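What follows is each chain in one-letter form.
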Amino acid sequence: MDLDLSGEHASLRQTVRAYMAAEVAPVVDAHERERRFPVEIVRRIGEMGWLGIPIAERWGGAGMDTLAYAVAIEEIARVWGSLALIVAAHTSLACGGLVLGGTDEQRDAFLTPMASGQVIGGYGLTEPGAGSDASGTRTTARSDGDGWVIDGAKRFITNAGQAGTYVVAARTGTSTDGRAQVGAFVVPADTPGFSVGRLEEKLGLHASATGELHFDGVRVPEGNVLGDPAGGFRLFLRILDGGRISIGALALGLAQAALDAAIPYVRERKQFGRPIGSFEAVAFRIADMATEIEAARALVYRAAWLRDQGRDFGLAAAQAKLFASEVASRATNAALLSHGGYGYVDDYPVGRFLRDAKLTEIGEGTSDIQRLVIARQVLDLRVS
Ligand SMILES: Cc1cc2nc3c(=O)[nH]c(=O)nc-3n(C[C@H](O)[C@H](O)[C@H](O)COP(=O)(O)OP(=O)(O)OC[C@H]3O[C@@H](n4cnc5c(N)ncnc54)[C@H](O)[C@@H]3O)c2cc1C
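Cut-offs and rules
- Residues numbered from 1 in each chain as written.
- Predicted model: local features only at pLDDT ≥ 70, side-chain atom pairs only at ≥ 80, totals over all residues.
- Heavy atoms only, no water.
- Core = buried A, V, L, I, M, F, W, Y, C linked by side-chain atoms within 4.5 Å.
- Buried < 20%, exposed > 50% of the residue type's maximum accessible area, 1.4 Å probe, protein only.
- Helix = DSSP H or I, 4+ residues; strand = E, 2+ residues; numbered from the N terminus.
- Contact = heavy atoms within 4.5 Å.
- Axes fitted to C-alpha atoms, helices over the stretch in contact; angles between N-to-C directions.
- Parallel < 35°, antiparallel > 145°, perpendicular 65-115°, else oblique.
- Left-handed = near helix turned anticlockwise from the far one by under 90°.
- Nonpolar A, V, L, I, M, F, W, Y, C, P; charged D, E, K, R; others polar.
- Near = heavy atom within 4 Å.
- Polar contact = N/O pair within 3.5 Å; in protein donor to acceptor, adjacent residues only side chain to side chain.
- Areas by Shrake-Rupley, 256 points an atom, 1.4 Å probe, with all protein chains shown as cover.
- Domains from an automatic or database assignment.
- 1 Å grid on protein atoms, 1.4 Å probe; cavity = no way out; pocket = protein on both sides within 12 Å on 5 of 7 lines; lining within 4 Å.
- Points joined across faces, edges and corners; volume = space filled by probe spheres on them.
- Pairing = 2+ DSSP bridges.
- Patch = residues over 30% accessible without salt bridge, like charges linked within 9 Å, V, L, I, M, F, W, Y side chains within 5 Å.
- Salt bridge = Lys/Arg side-chain N within 4 Å of Asp/Glu carboxyl O.
- Buried area = accessible area lost by both parts, 1.4 Å probe.

A.B. asks: Can you lay out the nonpolar core for me, pointing to particular residues and giving the numbers?
C.D. replies: Membership of the largest hydrophobic core comes to 93 residues, with the highest contact counts inside it found for M20, W80, L83, I150, F185, V187 and M289. Here this core gets 15 residues from one element, more than from any other, and that element is helix α6 (residues 232-268). With sequence-adjacent residues up to four places away left out, I150 is seen in contact with T139, T140, A141, A170, F185, V187, F215, D216, G217, V218 and V220. Of all hydrophobic cores here, the second largest spans 24 residues; its members include I55, V182, L235 and I239.

Here it is in structure tokens:
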């Protein structure tokens, strides 16, 4: 694995970095302040192929690998966490569901429009009573012969109200040992009975949409079921394995943004007649940030690389997500403290970085759940 990226990875990094700096950075503050979803920018990056980076060209994507995708998410998050989350949920979760669980016909119908940037995707697993324990899914899907009727609700869904296609989990039955059987269903947003409920007011990531999905007798044809209607739970876990690489990359980008902001600030800001960066307490904070960020980057890229090699990457993805998200929290906090009172007001972006970073410790499995996943594998415990 090459940490000093070369070839197409380096070139993609440069392209994303340049576009984010020139076209996106100037509009971030206004969107965040007004809690406005960046419709135009999402449309534009879709046209540039950024909504299908790791998806095969056959399905409308850019045909690049997971490492390229991680690098792109990192660079987007370095400028705008909200946009990175929009892209990550769309790509890893919604497109990921079709890549992992779809037939060629389903990919033609649903993945190609998403990967080519014409349709935004959303992924609905979480419910009011089913968060860390996704097996608590209460939304149901019952077969009516040649289709399925879905009833229930989802909560905290990224891209709610903006997505044209949702991949959702619904309970299809109960196994003989009492476990929930869950299926994965593709639900186009214009299906009768489907609606978007309340959009959340959040701590951060203000320009991303997070909301409720309601299913009131939503009927989808048999062709909208991904794989075995009783075996979707395993599919959702596999989707989340991939998603964790992108949340790790998002965390990495936020941490890097915090360091990028802190370095010039502590070099220029003077107190007691000296730049504050010359005080050991401040300098060591920067040293810790720089070191931890490199370690997080190595873990995120390694997880992506393992996936690209076709090797097991679930453990590596959980470790990368756990570590990078906690580094993001520490680094953004350290950057804010290094700005003193200026870190607490909106003139500087470090407060936004800290607010956005907290989500990376929660979404796609909290840090506690990552530790659970890691411990089970390291200790070789049977997953119950
Ligand atoms: C901005 C945002 C975007 C999101 N986007 C999506 C999306 O697109 N799609 C989607 O499906 N979901 C999404 N989510 C939901 C997210 O994945 C869940 O919030 C997360 O999995 C935690 O579930 P919960 O909120 O119900 O918390 P809970 O599961 O109730 O957890 C509360 C606390 O209990 C701890 N805990 C729970 N169980 C255990 C255990 N067994 N061992 C140790 N500790 C435990 C947790 O770590 C946490 O600290 C999003 C959430 C947010 C905030």
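After presenting the structure, the write-up continues.
A.B. asks: I'd like a rundown of the environment of I53, residues and numbers included.
C.D. replies: With respect to the helices and strands, I53 occurs in the loop between α2 (39-47) and α3 (66-79). Residue class for I53 comes out buried when judged on its relative accessible area of 3%. For the pair I53 and L12, spaced 41 residues apart in sequence, the C-alpha separation works out to 10 Å. With residues up to four places along the chain from it excluded, the contact list for I53 reads L12, A62, G63, M64, A68, Y69 and A72.

A.B. asks: So, the environment of G314: which residues are in play, and what are the values?
C.D. replies: You can see G314 is positioned in helix α8 (residues 314-338). Not counting chain neighbours up to four residues away, the residues in contact with G314 comprise D241 and Q377.

A.B. asks: Tell me about the packing of α6 against helix α9 (residues 350-360), and please be specific about residues and values.
C.D. replies: Where α6 meets α9, the closest approach of the two axes is 10 Å, and the angle between their N-to-C directions is 160°. The angle between α6 and α9 falls in the class roughly antiparallel. Handedness of the α6/α9 crossing: left-handed. Where α6 approaches α9, its residues I247, L250, A251, L254, A257, A258 and A261 are matched on the opposing element by V350, F353, D356, A357 and T360. Residues that form the contact of α6 with α9 fall into these classes: ten nonpolar, one polar and one charged.

A.B. asks: Go over the site of the ligand with me, naming the residues and quoting the values.
C.D. replies: With respect to spatial proximity, 18 residues lie near the ligand, and among them T126, S132, F156, T366 and D368 are the closest. Contact distances for the ligand include 2.9 Å between a nitrogen atom and a backbone N or O atom of F156. At 2.6 Å, a side-chain N or O of D368 approaches an oxygen atom of the ligand. When the ligand sits alone it has 980 Å² of accessible area, and the protein chains cover 64% of it. Mapped onto the shell around the ligand, the elements with two or more residues apiece are β1 (121-124), β3 (147-158) and α10 (367-378). For the shell around the ligand, the per-class residue count stands at eight nonpolar, seven polar and three charged. Taken domain by domain, the makeup of the shell around the ligand includes at least three residues from each of domain 2 (121-230) and domain 3 (234-378).

A.B. asks: Describe the layout of surface pockets, and please don't skip the residues or the numbers.
C.D. replies: A volume near 400 Å³ is recorded for the second largest pocket. With five residues, helix α1 (residues 7-34) is the single largest residue contributor to the lining of the second largest pocket. Class assignment for the residues of the lining of the second largest pocket results in seven nonpolar, three polar and seven charged. Inspection of the lining of the second largest pocket shows a minimum of three residues originating in each of domain 1 (7-115) and domain 3 (234-378).

A.B. asks: Describe in detail the pairing of β1, supporting the description with residues and values.
C.D. replies: A two-sided burial pattern is seen for β1, the buried positions comprising G121 and Y123 on one face and G122 and G124 on the other. Here β1 pairs with strand β4 (residues 165-174) via four bridges, running parallel. By the bridge assignment for β4, G122 is matched with Y166.

A.B. asks: Lay out a nonpolar patch on the surface in plain terms, naming residues and giving numbers.
C.D. replies: A surface patch of nonpolar side chains, about 440 Å² in accessible area, is lined by Y342, Y344, V345 and Y348. With respect to the element layout, V345 can be found in the loop between α8 and α9. A residue is classified by how much of its surface remains accessible, and V345, at 39% relative accessible area, is partly exposed.

A.B. asks: How would you explain the side chain of T332 if you had to name every residue and give the values?
C.D. replies: Tracing the backbone shows T332 in helix α8. A distance of 3.2 Å separates a polar atom in the side chain of T332 from the backbone oxygen of S329. In this view, T332 contacts L254, A258, F353, L354 and A357; residues no more than four positions away in its chain are not counted.

A.B. asks: Requested: an account of the domain arrangement of the protein, with residues and values cited.
C.D. replies: A common way to express how large an interface is: the accessible area buried when the components associate. Per the domain assignment, the segments making up the protein are domain 1 (7-115), domain 2 (121-230) and domain 3 (234-378). Taken over C-alpha atoms, the centre of domain 1 sits 23 Å from the centre of domain 2. A combined buried area of about 1800 Å² lies between domain 1 and domain 2, and 64% of that area is made up of carbon and sulfur atoms. Looking at the side of domain 1 facing domain 2, the largest losses of area belong to R35, F37 and F110, adding up to 32% of the total buried there. Here domain 1 and domain 2 share one salt bridge between them. For E201, the salt bridge identified is with R35, shortest N-O distance 3.1 Å. For the side of domain 1 that touches domain 2, the secondary-structure elements that each account for two or more residues are α1, α4 (81-101) and α5 (104-115). Ranked by residue count, the leading element in the side of domain 1 that touches domain 2 is α4, at eleven residues.

A.B. asks: Describe the pattern of salt bridges, and please don't skip the residues or the numbers.
C.D. replies: Applying the stated rule across the entire model yields 24 salt bridges. Residues D104 and R107 are paired through a salt bridge, measuring 3.4 Å at the closest nitrogen-oxygen approach. Of this pair, D104 and R107 both sit in helix α5, three residues apart, roughly one helical turn. Put simply, D241 and R244 hold a salt bridge, and the shortest N to O gap is 3.8 Å. Placement of the pair is D241 and R244 together in helix α6, with a separation of three residues, close to one helical turn. For D241, a relative accessible area of 21% corresponds to the partly exposed category. With a relative accessible area of 7%, R244 lands in the buried category. Here the salt bridges do not stand alone but share partners, grouping R13, R17, E74, E75, R78, D260, E294 and R297 into one network.

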